[in-house]
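# Survey of secondary and tertiary structure
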Amino acid sequence: MLLIMSLMTTYLLPFIAVLGILILVHELGHFLTAKASGIRVERFSIGFPPRLFGKQIGETDYCISALPLGGYVKMSGMIDETMDAAGVKGEPWEFMSKPLWIRAIVLFAGSAFNVLFTIAVFTVSVFITGVPQPVGPVVGRVIENMPAQAAGIQAGDRIVRIDQTPITAWDDLIKIIHNSPDKTITIEWERNGAPMSAQITPKLDKMLGYGLVGIDAKTINVRPGVFRGIALGWESSWNLTRMMFRSFGMLFSGDVSVKEGLAGPVRIAQMTGETAKAGFGSLVMFMALLSLNLGIINLFPIPGLDGGHLLLLAIEGVIRKPISTRVRLIVQQVGMALLLALMLFVIFNDFSNIF
């Protein structure tokens, strides 16, 4: 019993809290743009049915539902997770009665809010913690099981040359190492005034696409100006987005196995709990990472996701007439079946990886 309580407080509760916030952000994007467009919102649910509790305010039922792995905004006249075809009556406040471009904005807004949330977290983090600036070519941390550790480099060492090229700044060092994956280089450094050297072969990081030896710079934090801080927040989000698309590409190409590359709710709950142990700041940054993932994945053209709905809108725009309610129902049913099968697979995969 104590073990179960410990697992719940360490992993399950932080996971539900983080997921609940991200779902709220996502669905808020749909909700606000729908209301601004004159679309009636019948339900704003955190979680999937059955409904547990909530409150009716005006035309909208704000509620918490039993299955915490998602959420939805039920708009009048839209065939979505509820499979409600009877609600499509052609009223002016219905989703399908609005111009195609308005419907596209409403569908896209959920993912947009997730991305904006990530940018906001990164930007605020920059202003709170400052921007790390390297203190010369001095090693601040050596990562375990990487070439630098094997070569004997330690924190506090000053790198002076690589392949006879003088190193005066950390950027000089990074440029050479990043451009030398799987190529042996000679690194020279000083430790308390004593010269040392070793041959090191940077490892190619397939995710990042360049060489690494496993060292971080010794840094001091410098608070940026307003515009610089905002720019850094956007830059961090963009770099993370590029990494995500690279990881998706590696997954689809087979460079990374599905077993290793896919993380479902169980592994995410495990990672959330471990991150929470490192402190609130780490948990918020991890939440920003998940938010960006959620925003991007929701735009995949898969029936049942926002991207699937956007794909139907694109087809409607090409054929210049609405897709029939019957076809929409079939597509939605197939999509939900596929998503359920995928969810079962990733849960099984999670347990397989953990145990």
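This text gives an overview of the structure that appears in the document. Residue numbers run consecutively from 1 along every chain, following the written order of its sequence. Only residues with pLDDT of at least 70 are given local features in this predicted model, and only at 80 or more are side-chain atom pairs given and counted; all residues enter the totals for whole chains, interfaces and linings. Side-chain metrics rest on all non-hydrogen atoms present in the structure, leaving aside hydrogens and water.

### A short note on the overall build of the protein chain
- A run of H or I in DSSP counts as a helix once it spans at least four residues, and a run of E counts as a strand once it spans at least two, with each numbered from the N terminus. When its secondary structure is counted, the protein chain shows 10 helices and 10 strands.
- Note on classification: 1.4 Å probe, protein chains only; a residue is buried when its accessible area is under 20% of the maximum for its type, exposed when over 50%, partly exposed between these limits. Expressed as a percentage of its 355 residues, the buried residues of the protein chain come to 38%.
- Any two residues having at least one pair of non-hydrogen atoms within 4.5 Å are treated as being in contact. Residue pairs at least 24 apart in sequence account for 63% of intrachain contacts in the protein chain once pairs closer than 6 positions are excluded.
- Looking at the protein chain as shown, the accessible area adds up to about 19,200 Å², and 65% of this sits on carbon and sulfur atoms. Values of accessible area rely on a 1.4 Å probe in the Shrake-Rupley scheme; residue burial ignores everything except the protein chains shown.

### Some thoughts on the nonpolar core
- Put simply, buried Ala, Val, Leu, Ile, Met, Phe, Trp, Tyr and Cys residues joined by side-chain atoms within 4.5 Å make one nonpolar core. Met-75, Phe-95 and Val-106 are the most contacted members of the largest nonpolar core, which totals 36 residues.
- Contributing elements (two or more residues each) for this core: helix H1 (2-36), strand E1 (41-57), strand E2 (60-75), helix H2 (100-129), helix H5 (226-253), helix H7 (265-277) and helix H8 (280-297).
- Setting aside its immediate chain neighbours within four residues, Val-106 contacts His-30, Thr-33, Ala-34, Ser-37, Ile-39, Met-75 and Phe-95.
- Among the nonpolar cores identified, the runner-up in size contains 17 residues, and Ile-153, Ile-159, Ile-177 and Val-213 belong to it.

### Focus: the layout of surface pockets
- Only protein atoms enter the calculation, which uses a 1 Å grid: trapped sets of points that fit a 1.4 Å probe without letting it out are cavities, open sets showing protein on both sides within 12 Å along at least five of seven lines are pockets, and any residue with an atom within 4 Å of a point is a lining residue. Grid points are joined across faces, edges and corners, and a volume is the space filled by probe spheres set on the points. Taken as a whole, the second largest pocket spans an internal volume of roughly 1,200 Å³.
- Every residue lining the second largest pocket is counted, 33 residues in all, and those nearest its centre are Pro-132, Tyr-210, Glu-235, Ser-236 and Asn-239.
- Among the elements of the structure, H2, strand E3 (131-142), helix H4 (170-178), strand E9 (210-212), strand E10 (215-222) and H5 are those that each provide at least two residues to the lining of the second largest pocket.
- It is H5 that provides the largest number of residues to the lining of the second largest pocket, a total of 7 residues.

### Remarks on the pattern of salt bridges
- By salt bridge we mean one thing: a side-chain nitrogen of Lys or Arg within 4 Å of a carboxyl oxygen of Asp or Glu. A full pass over the atoms with the stated rule returns 9 salt bridges.
- One salt bridge connects Glu-42 with Lys-74, and the closest N-O pair in it is separated by 4.0 Å. Linking Glu-42 in strand E1 with Lys-74 in strand E2, this pair joins segments that are 32 residues apart in sequence.
- Residue classification places Glu-42 among the partly exposed residues on the basis of a relative accessible area of 31%.

### With respect to the packing of H2 against helix H9 (residues 306-319)
- The contact between H2 and H9 brings their axes to 9 Å, and the two run at 160 degrees. Judged on the interaxial angle alone, H9 and H2 are roughly antiparallel. Our pair here, H2 against H9, has a crossing hand that is left-handed. Note on element contacts: H9 touches H2 through Asp-306, His-309, Leu-310, Leu-313, Glu-316 and Gly-317, opposite Leu-100, Arg-103, Ala-104, Leu-107 and Ser-111.
- Three residue categories are used. Nonpolar comprises Ala, Val, Leu, Ile, Met, Phe, Trp, Tyr, Cys and Pro, charged comprises Asp, Glu, Lys and Arg, and polar comprises the others, including Gly. Of the residues in the contact of H2 with H9, the class split is 5 nonpolar, 3 polar and 3 charged. Fitted lines through C-alpha atoms serve as axes, helices being fitted only where they are in contact, and the angles separating the N-to-C directions of these axes extend from 0 to 180 degrees. Oblique is the label for any angle not under 35 degrees, not over 145, and not in the 65 to 115 range, which are roughly parallel, roughly antiparallel and roughly perpendicular in turn. Take the far helix as your reference; a near helix turned counterclockwise from it by less than a right angle gives a left-handed crossing, and one turned clockwise gives a right-handed crossing.

### Focus: a nonpolar patch on the surface
- Each patch is built from residues lacking any salt bridge and having more than 30% relative accessible area; the joining distance is 9 Å for like charges and 5 Å for nonpolar side chains (Val, Leu, Ile, Met, Phe, Trp, Tyr). Among the surface-exposed residues, Leu-116, Phe-127, Val-226, Phe-227, Ile-230 and Trp-234 lie close enough to one another that they form a single nonpolar patch of about 650 Å² accessible area.
- Counting residues per element, the ones that place at least two in the nonpolar patch are H2 and H5.
- No other element matches the 4 residues that H5 contributes to the nonpolar patch.
- Mapped onto the fold, Val-226 is located in helix H5.

### Topic: the packing of H2 against H8
- Relative to each other, H2 and H8 sit at 155 degrees, their axes nearing to 8 Å. As judged from the angle between their axes, H2 and H8 are roughly antiparallel. Between H2 and H8 lies a crossing whose hand is left-handed. Facing Ser-111, Asn-114, Val-115, Phe-117, Thr-118, Val-121, Phe-122 and Ser-125 of H2, the residues of H8 in contact are Val-284, Met-285, Met-287, Ala-288, Ser-291, Leu-292, Leu-294 and Gly-295.
- Residues that form the contact of H2 with H8 fall into these classes: 10 nonpolar, 6 polar and no charged.

### Quick notes on H2
- Residue count minus one, scaled by 1.5 Å, sets the expected span of a helix. The end-to-end C-alpha separation of H2 is 43 Å, in line with the 44 Å expected for 30 residues at 1.5 Å each.
- Bend, at a single residue, is the angle you get between axes fitted to the 7 residues ending at that residue and the 7 residues starting at it. Along H2, the largest kink reaches about 40 degrees and is centred on Ala-109.
- Backbone geometry just downstream of H2 places Gly-130 in the positive-phi region, at approximately 85 degrees.

### Regarding unusual backbone geometry
- Residue Pro-50 is reached from Pro-49 by a cis peptide bond, and omega for that bond is 10 degrees.
- In the Ramachandran plot, Asn-145 falls in the positive-phi region, its phi being about 60 degrees despite a non-glycine side chain.
- Tracing the backbone shows Asn-145 in the loop between E3 and helix H3 (147-151).
- Despite not being glycine, Arg-320 shows a phi value in the positive range, around 60 degrees.

### A few points about H9
- Here H9 spans 20 Å end to end across 14 residues, near enough to the 20 Å set by a 1.5 Å rise per residue.
- Arg-320 occupies a position one or two residues after H9 and carries a positive phi of about 60 degrees.

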